Structure formats: structure tokens, C-alpha cells
Amino acid sequence: MSRELVYQISAQEEGRPILSLLRGPLSFSSAQIRRMKASGVISLDGAPAFTNQKARAGQVLRCRLPEEPPSPHILPVPGPADIRYEDEDLLILEKPAGVPVHPSQGHFTDSLANFLAYEMEQRGQSFVFRAANRLDRHTSGLLAVAKSGYVHSLLISQLHSGQFHREYLALACGAPQPACGVIDAPILDVPGQLKRIVSPEGASAQTHYRVLERRGPYSLLRLWLETGRTHQIRVHLAHIGCPLAGDFLYGTELPGLLSGHALHSALIRLRQPITKRLIEIESPMRREMAQFFSELPQ
């Protein structure tokens, strides 16, 4: 999707080469700059510009991101694409439980990427699916998707800096002690295995949690992350003896009660990468989880 960025040169930036501005305040990668140079989409005060050209205070630098062809590996398929927020640069979607984010073995036509590709095709827009955060297939809730490689790279940099804040609701077996705390345990990806483990050799991982309510043998938790390791919440809760309800990999399935594990992406708060506007979207716990928990004895 084509997007033009407009940047006015400040007095402090007087005399800086355009290349320095593209790499600095605009945060373009070297590959992105090369593509824009090859496409001739960089201008200064409306005239074509070279990257070694020096800018003057008050001038306006414009960069048009080259339009990208849709991914040939993602087939457009009609399906639920519940868009909770959208602007020129990103979308925030509500992902149903049981729907994978990306096409994979056995799920080439029923992923969120397939459904969103179809939505964009119906709009007549070229679109490449780029999710900024990850959700497991059975995790429901909010997912941010960038509309360009440039915005995706900016969102990922936020994710790694902690500015991209995510909170989750979970139903856990038992209740962590104390009722509010941090699980700080490194997570190791074992080659050839789906299951991750806690190990001193793993990558640093921190999960904050708070117990909201207890019912019978389960508790409702609110969790937020400092890191974003694969299966992080699932691994950490299992590590402290409170696996997610219904988790086939780290706990015990609950057929007929829960379809998959009870984890919901409930909040995303981030700074819009280009406009810098604060975006905060919330999502209530999905109906299946809420019903399961409400029917438990108090």
C-alpha cells in the first residue's frame, strides 16, 4: 500500500544530509532507503532530491513508500477479519480462538492472514500481511498488523523497547503466590520440539501477573509482558505450577469445556509510529472463557 511521509526540517537539522535524516529521525533501514532511491520517490520542497543533498531549515522532505505486490503465498479467503482499529499505517484485529495468524501446514486457507488478504482484495488494495505481535492459534484477542514494511519495522522496535504494551487475561489452574508478582525465568527453544522450557541457557523473559479472582480450582489473572518469547505466558505459568486451563502442551486439555487454552489478548497500547498518537484498544474476555469461569463455584 502506498504511503507518503512528510517531514519538515527543523532549525537544529539545518545542513544535515538527507541520508542522515532518513536514517535518523525517520528511522529508515539501509534496504528501505536503497529501494526509495531506485524508485525516485524522495523529494525536497517538491523537487527530486539526492540523499547526499543538504537540507535547510523549513524545507519539506517527502518520501513515498513504494507500493508492494500482495504476497503470492497467502490466498485471499473469505473469513472473519474483525478490525477494531485502522488508520493509514496499521490495523488492530480481534483474532478468534482456534484461528492461526499465519498459513501453515494444514492451515493454508483458514488463517487470519488469508481473511485479511481477502478483505484488502475486496477494497482493491495491495497488501502484505505483517503482524507486529504474536498470538498462538488458540489465543484470542488483539493483534496489531502493519500496512507496510517500514511501519512494521517501527512497531517491532517499539515491541523490543517496551513501548508496545500488551496485557492478557488468563484462566489458570490454581493461583500464583503471592497474588501479584513477576515471573522472571529464561525460556529455551529446544531444536525440533514445539514445547519450550525454562532453562538458565534460555533467553531472558519476564511476565507480570495479578490475580483478579479465584473460583473453585481456577483463578482469573491479568498479565503483562516485558519480553515476548514464544509461548512465554504458557511456559511461565506452567513453571510456577499454575498452567493455563485447557493447555494441551503445558497442562491438561478440557474437551467440551474449553476449545484450547484459556488466554486472551485483552489490551494493546502503543504509539502510532508516524503520527505519534497514543492508541489504546481493549477487548473483553472471550465468551467461552467468561462462561467457563462464571459457572465455577465461588
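Residues numbered from 1 in each chain as written. Predicted model: local features only at pLDDT ≥ 70, side-chain atom pairs only at ≥ 80, totals over all residues. Heavy atoms only, no water.

With respect to a positive patch on the surface
So, point 1. Where like charges cluster on the molecular surface, the positive patch consists of Arg23, Arg34, Arg35 and Lys37.
So, point 2. Looking at the positive patch element by element, the count peaks at 3 residues for helix H2 (residues 30-39).
So, point 3. Within the fold, Lys37 resides in helix H2. (Patch = residues over 30% accessible without salt bridge, like charges linked within 9 Å, V, L, I, M, F, W, Y side chains within 5 Å. Areas by Shrake-Rupley, 256 points an atom, 1.4 Å probe, with all protein chains shown as cover. Salt bridge = Lys/Arg side-chain N within 4 Å of Asp/Glu carboxyl O. Lys, Arg positive; Asp, Glu negative; His and termini not counted. Charge placed at Lys NZ, Arg CZ, Asp CG, Glu CD. Helix = DSSP H or I, 4+ residues; strand = E, 2+ residues; numbered from the N terminus.)

A few points about the side chain of His165
So, point 1. Of note, His165 is situated in strand E9 (residues 165-173).
So, point 2. Among the residues examined, His165 registers a relative accessible area of 16% and is labelled buried. (Buried < 20%, exposed > 50% of the residue type's maximum accessible area, 1.4 Å probe, protein only.)

A word on the environment of Ala290
So, point 1. Note on placement: Ala290 falls in helix H6 (residues 287-294).
So, point 2. Take Ala290: its relative accessible area is 30%, and that puts it in the partly exposed class.
So, point 3. The spacing of Ala290 and Leu220 is 70 residues in sequence and 9.7 Å in space, taken between C-alpha atoms.

Brief notes about the pattern of salt bridges
So, point 1. Taken as a whole and assessed by the stated rule, the structure comprises 15 salt bridges.
So, point 2. A salt bridge links Arg64 to Glu4; the nearest nitrogen and oxygen atoms lie 3.9 Å apart. Note that Arg64 is positioned in strand E4 (residues 60-65) and Glu4 in strand E1 (residues 3-8), a separation of 60 residues in sequence.
So, point 3. Each of Glu86, Glu119, Arg123 and Lys147 takes part in salt bridges that share partners, so that together they form one network.

Topic: unusual backbone geometry
So, point 1. Of the consecutive residues Gln177 and Pro178, the connecting peptide bond is found in the cis state with omega at 0 degrees.
So, point 2. Examined against the element boundaries, Pro178 turns out to sit in the loop between E9 and strand E10 (180-184).
So, point 3. Despite not being glycine, Ser27 has its phi angle at roughly 60 degrees, a positive value.
So, point 4. You can see Ser27 is positioned in the loop between helix H1 (18-23) and H2.
So, point 5. On the basis of relative accessibility, which here comes to 34%, the residue Ser27 falls in the partly exposed class.
So, point 6. In this model, Asp45 sits at a positive phi of 50 degrees, which is unusual for a non-glycine residue.
So, point 7. Inspection of the secondary structure assignment puts Asp45 in the loop between strand E2 (42-44) and strand E3 (47-48).
So, point 8. The class for Asp45 is partly exposed, based on a relative accessible area of 47%.

Points about the packing of aromatic side chains
So, point 1. Scanning all chains against the criterion turns up 2 aromatic pairs.
So, point 2. Centroid distance Tyr218 to Phe292: 5.3 Å. Interplanar angle 70 degrees. Geometry classified as edge-to-face. Remark: Phe292 occurs in helix H6 and Tyr218 occurs in strand E14 (residues 218-225); sequence separation between them is 74 residues. Accessibility assignment for this pair places Tyr218 and Phe292 in one class, buried.
So, point 3. In this arrangement the basic side chain of Arg166 is found over the ring face of Phe164, its NZ or CZ atom lying 6.0 Å from the centre.
So, point 4. Over the aromatic face of Phe293 sits the side chain of Arg215, whose NZ or CZ is 5.8 Å from the ring centroid. (Phe/Tyr/Trp six-rings, centres within 6.5 Å; stacked < 30°, edge-to-face > 60°. Lys NZ or Arg CZ within 6 Å of the ring centre and 35° of its normal.)

Worth remembering: the numbers are spatial, not functional.
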